[in-house]
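Structural characterization, general
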Amino acid sequence: MSPAQVFWAVLKVQAVWRGKIKRRLIQQEHEAASRIQRRFRKHSQSRPETAKEDTTKESEKDDFVSKSIKDRKEARVSRSRDWKEEGQILRPDYDSDIVIGKTTQDQLNLYQDDIVQTRWLAAQSLEANIIGYPTLKANELAKQKRALTDEEKATLKPTLRRPKLLVVASNLKKGHYLESHVTKKEKHILTVRYDFENTTFKGLMEQVKDTLNGYQRDCKAESIAFFCQGGPGHMYLLKTRVVTPQKIVKKGQEDMLEFFKELGDVMTRCPPQDAAVHFLGFHLLGNDQGQKLLDTLTEVVRPNIVRFEALLERSRDGRNMLEGYFDLKRFKFWKSQLRSSLTEIDWKDTEE
């Protein structure tokens with residue numbers, strides 16, 4: 001979407017909002033006027049009709065007032081309510097058979113897409129201000145549709161380094177060593193270790209957000225690596241909650257779906273091509289369902305753009321990905337100790 005289109009989309013949203021506020025104020029004025037008129041009619045009906053009644057005895061006044069109040073209560077209870085039936089408001093011009101035409105619906109859907117994209121661009125601008133990313137310059141270079149030079153790439157680097165997040169399940173064997181000995185000791189590499197048996201998807205997302213906010217408020221992650229258990233075509237982020245392409249969209253699994261949607265919101269948009277989520281510790285792509293799961297997650301997080309990957313650790317891309325989080329020498333040594341019956345690992349052999 002060009003800047004001009006974004007500008008008109010924003011104007012359209014503002015016009016709709018102003019119209020909504022104006023209608024609400026008019027409605028409040030009508031309701032206030034109706035209340036005043038209603039109270040005035042009640043007051044007029046309760047006043048004595050002649051001056052003689054004002055001079056009657058106090059007891060007659062009390063009888064009159066008591067009878068008047070009683071009559072009004074009976075009239076209020078027994079009056080007909082043609083405008084209301086079975087708790088629903090009926091209007092003379094209301095027709096339950098009226099439906100929105102296909103053309104109108106398509107226009108509304110198109111308008112909704114503009115709102116979603118405008119919100120995404122606003123979130124990108126907010127993140128760019130936080131990390132010091134030149135969004136305008138990046139967009140200008142992207143329009144040229146050519147390979148960038150090293151100097152141009154250097155000018156697009158944000159001033160604040162975006163964090164990489166390693167999320168480790170508590171049931172991972174000797175997983176505590178990943179944080180203490182294997183992960184690189186760099187400020188932008190963060191670790192979240194969660195309770196595999198008791199944590200919910202909502203609780204796990206809160207841990208992720210709290211960790212990112214601890215690094216920099218409202219900061220987004222460049223990449224997130226989940227180190228958990230799984231197999232071909234499935235994974236277990238939580239106990240008894242298997243993640244498959246079918247489970248994500250299944251009724252009753254809304255918390256799982258919401259978790260991955262929010263996961264897309266915490267990924268970087270500057271630029272969105274850098275955002276990546278990795279799954280480690282098992283061979284997810286052992287069958288066709290594994291790739292289908294990654295494709296499903298890619299669609300779930302839209303309009304955010306996130307790469308979901310399950311790279312082989314021994315491949316070139318896999319080694320490059322691991323180097324972003326771990327000291328490779330220590331990582332290979334840790335992997336070699338997983339089958340050992342010893343609970344402790346002697347790290348002397350890895351010291352330089």
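1. Re unusual backbone geometry
The linkage connecting C270 with the following residue, P271, adopts the cis geometry, with an omega of -15 degrees. As for its placement among the helices and strands, P271 is situated in the loop between α10 (254-265) and β9 (276-280). Phi is positive for K145, which is not a glycine, with a value near 50 degrees. Here K145 shows up in the loop between α5 (135-143) and α6 (150-155). Relative accessible area serves as the criterion here: at 77%, K145 is assigned to the exposed category.

2. Section: the sheet that holds strand β8 (residues 241-243)
Strand order in the open sheet formed by three strands is β6-β7-β8, with antiparallel pairing between adjacent strands. In this open sheet, the two strands that pair with only one neighbour each are β6 (229-231) and β8. Averaged over neighbouring strand pairs, the angle between their axes works out to 30 degrees when direction is ignored. Judged from the three bridges that link them, strand β7 (residues 234-238) and β8 form a sheet pairing that is antiparallel. Opposite M235, over in β8, you have V243 as the bridge partner.

3. A few points about the packing of aromatic side chains
One pass over the full model with this rule turns up eleven aromatic pairs. A centroid spacing of 6.5 Å and a plane angle of 65 degrees characterise the contact between F227 and F326, whose relative ring orientation is edge-to-face. A residue pair is termed long-range when its members are at least 10 positions apart, and F227 in strand β5 (residues 223-227) and F326 in the loop between α12 (316-323) and α13 (328-336) qualify at 99 residues. We classify F227 as buried; its relative accessible area is 2%. The exposure class assigned to F326 is buried, which follows from its relative accessible area of 1%. Taken together, a centroid distance of 5.7 Å and an interplanar angle of 85 degrees make the contact between F227 and W334 edge-to-face. With a gap of 107 residues between them, F227 in strand β5 and W334 in helix α13 connect regions that are remote in the sequence. Neither residue differs from the other here; F227 and W334 are each classed as buried. Three or more aromatic residues link up through ring pairs in this structure, and these residues are F201, F226, F259, F260, F279 and F308. In this structure, K164 is placed above the aromatic ring of Y325, and the distance from its NZ or CZ to the ring centre is 5.6 Å.

4. Describing the packing of helix α8 (residues 201-215) against α10
Any two packed helices are characterised by how steeply their axes cross, that is the angle between the axes, and by the distance between the axes. Orientation of α8 relative to α10, taken along the N-to-C sense of each, is 15 degrees, at an axis distance of 9 Å. Compared by their axis directions, α8 and α10 come out roughly parallel. In this structure, α8 crosses over α10, and the sense of that crossing is left-handed. Residues F201, L204, M205 and K209 of α8 form the contact with α10, whose own contacting residues are D255, M256, F259, E262 and L263. For the contact of α8 with α10, the residue count by class is six nonpolar, no polar and three charged.

5. Considering a positive patch on the surface
Judged by side-chain charge, R35, R38, R39, R41 and K42 come together as a positively charged surface patch. As for its placement among the helices and strands, R35 is situated in helix α1 (residues 3-46). The class of R35 is partly exposed, set by a relative accessible area of 38%.

6. Concerning the confidence of the model for the chain
Per-residue confidence for the chain averages 83 on the pLDDT scale, and 81% of its residues sit at or above 70. Put simply, helix α2 (residues 51-54) is where the chain has its lowest mean pLDDT, 49, and β5 is where it has its highest, 96.

7. A look at the pairing of strand β4 (residues 189-194)
Where strand β3 (residues 164-169) lies against β4, six bridges are found, and the strand directions are parallel. Bridging across to β4, L166 finds its partner in T191. At this point the chain moves from β3, through helix α7 (residues 176-182), to the parallel β4, and the crossover so formed is right-handed.

8. Here we look at the sheet that holds β9
The strands that make up a sheet are held in pairs by hydrogen bonds between backbone atoms, and each pair lies either parallel or antiparallel. Overall, parallel pairing links the five strands, which are arranged β4-β3-β5-β9-β10 in an open sheet. Only two strands of the sheet have a single neighbouring strand rather than two, namely β4 and β10 (307-309). With strand direction ignored, the average angle separating the axes of adjacent strands in the sheet is 15 degrees. In the sheet, β9 pairs with β10 via three bridges, with the strands oriented parallel. What sits directly across from A276, in β10, is R307.

9. Things to note about the pairing of β9
Within β9, five of the five residues are buried, which leaves the element mostly enclosed by the surrounding structure. Of the two faces of β9, the one holding A276, H278 and L280 and the one holding V277 and F279 are both buried throughout. For the handedness criterion, the β-α-β arrangement of β9, helix α11 (residues 288-300) and β10 is classed as right-handed.

10. Focus on the environment of S315
On the secondary structure map, S315 appears in the loop between β10 and α12. Among the polar contacts listed, one links the side chain of S315 to the backbone oxygen of L312, at a separation of 2.7 Å. In terms of polar contacts, S315 uses its side chain to reach the backbone amide nitrogen of G318, at 3.0 Å.

Conventions adopted
Residues numbered from 1 in each chain as written. Predicted model: local features only at pLDDT ≥ 70, side-chain atom pairs only at ≥ 80, totals over all residues. Heavy atoms only, no water. Helix = DSSP H or I, 4+ residues; strand = E, 2+ residues; numbered from the N terminus. Buried < 20%, exposed > 50% of the residue type's maximum accessible area, 1.4 Å probe, protein only. Pairing = 2+ DSSP bridges. Axes fitted to C-alpha atoms, helices over the stretch in contact; angles between N-to-C directions. Phe/Tyr/Trp six-rings, centres within 6.5 Å; stacked < 30°, edge-to-face > 60°. Lys NZ or Arg CZ within 6 Å of the ring centre and 35° of its normal. Parallel < 35°, antiparallel > 145°, perpendicular 65-115°, else oblique. Left-handed = near helix turned anticlockwise from the far one by under 90°. Contact = heavy atoms within 4.5 Å. Nonpolar A, V, L, I, M, F, W, Y, C, P; charged D, E, K, R; others polar. Patch = residues over 30% accessible without salt bridge, like charges linked within 9 Å, V, L, I, M, F, W, Y side chains within 5 Å. Areas by Shrake-Rupley, 256 points an atom, 1.4 Å probe, with all protein chains shown as cover. Salt bridge = Lys/Arg side-chain N within 4 Å of Asp/Glu carboxyl O. Lys, Arg positive; Asp, Glu negative; His and termini not counted. Charge placed at Lys NZ, Arg CZ, Asp CG, Glu CD. pLDDT = per-residue confidence, 0-100. Right-handed = clockwise from strand over helix to strand, strands pointing away. Polar contact = N/O pair within 3.5 Å; in protein donor to acceptor, adjacent residues only side chain to side chain.

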